[in-house]
Amino acid sequence: NAGVTQTPKFRILKIGQSMTLQCTQDMNHNYMYWYRQDPGMGLKLIYYSVGAGITDKGEVPNGYNVSRSTTEDFPLRLELAAPSQTSVYFCASKTSGGHNEQFFGPGTRLTVL
Amino acid sequence: QQQVKQSPQSLIVQKGGIPIINCAYENTAFDYFPWYQQFPGKGPALLIAIRPDVSEKKEGRFTISFNKSAKQFSLHIMDSQPGDSATYFCAASIGNNDMRFGAGTRLTVKP
């Protein structure tokens, strides 16, 4: 199993550009999450999904959109990139039931200039 | 408002020392308290976790101490090694969807 994979690893965007961060998991997990990690701030939840076709906002959803058409994929969309979205983005997943043990991908480092 | 406060921000110990990282939470509805370890350029990885009905949990050299009345929990690393140098995050969650992370502690273990 590859676990949780994310692409790209790095990206530089200009203000106002849009892009999609890709996340795929091969563990058949129902729950998937997107976090952003800013220096000295820990991780903050952007959006999450409890299964295909179901998504909901987390703590910091503004400026982002998500979709979940399959169990495996959970892309994060930035429509109008702003410097405040410069961050490292992590995708995570977990199985249904049990404790909230989340498995994280390697992250995407995004810079908006 | 940060719901999980973590300290210290950074910590340097000698090999064999016992670093201790502390976290405090506010919301008594939290029901799961994990610790994550993160190496540079990698995603966080679950290290150890505890539920509030247990006061201590040990896995190998890593121990969580949990004080429900004080709303505090801590991570102890016994016989620390240079390979333990990483950033450690505490977290607290309610159910499956609301995980709140501390700001992280950068640990350096000197040889």
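It should be noted that the structure appears before, not after, this text.
Definitions and limits used
- Residues numbered from 1 in each chain as written.
- Chains lettered and ligands numbered in written order.
- Predicted model: local features only at pLDDT ≥ 70, side-chain atom pairs only at ≥ 80, totals over all residues.
- Heavy atoms only, no water.
- Pairing = 2+ DSSP bridges.
- Helix = DSSP H or I, 4+ residues; strand = E, 2+ residues; numbered from the N terminus.
- Axes fitted to C-alpha atoms, helices over the stretch in contact; angles between N-to-C directions.
- Phe/Tyr/Trp six-rings, centres within 6.5 Å; stacked < 30°, edge-to-face > 60°.
- Buried < 20%, exposed > 50% of the residue type's maximum accessible area, 1.4 Å probe, protein only.

S.K.: Please explain the sheet that holds strand β8 (residues 72-77) of chain B as it appears in this structure.
M.R.: In a beta sheet, neighbouring strands are held together by backbone hydrogen bonds and run either parallel or antiparallel to one another. Residue and element names in this part refer to chain B. Reading across the sheet, the five strands line up as β1-β3-β8-β7-β6 and stay open at both edges, with antiparallel pairing between neighbours. Strands at the two margins of the open sheet, each flanked by one partner only, are β1 (4-7) and β6 (56-59). Sheet twist, expressed as the mean angle between neighbouring strand axes with direction ignored, is 15 degrees. Examined bridge by bridge, β1 and strand β3 (residues 20-25) share four bridges and lie antiparallel to one another. Counted as the bridge partner of Gln 6 is Cys 23 from β3.

S.K.: How should I be thinking about the packing of aromatic side chains in this particular structure?
M.R.: In this description, an aromatic ring pair is defined by two values, namely the gap between the centres and the angle between the planes. Residue and element names in this part refer to chain B. For the structure on display, the rule yields 17 aromatic pairs over all chains. Ring plane angle 70 degrees and centroid distance 6.2 Å describe the contact between Tyr 25 and Phe 30, whose orientation is recorded as edge-to-face. The buried category is assigned to Tyr 25, whose relative accessible area is 6%. Residue class for Phe 30 comes out buried when judged on its relative accessible area of 3%.

No statement about biological role is implied by the geometric values presented.
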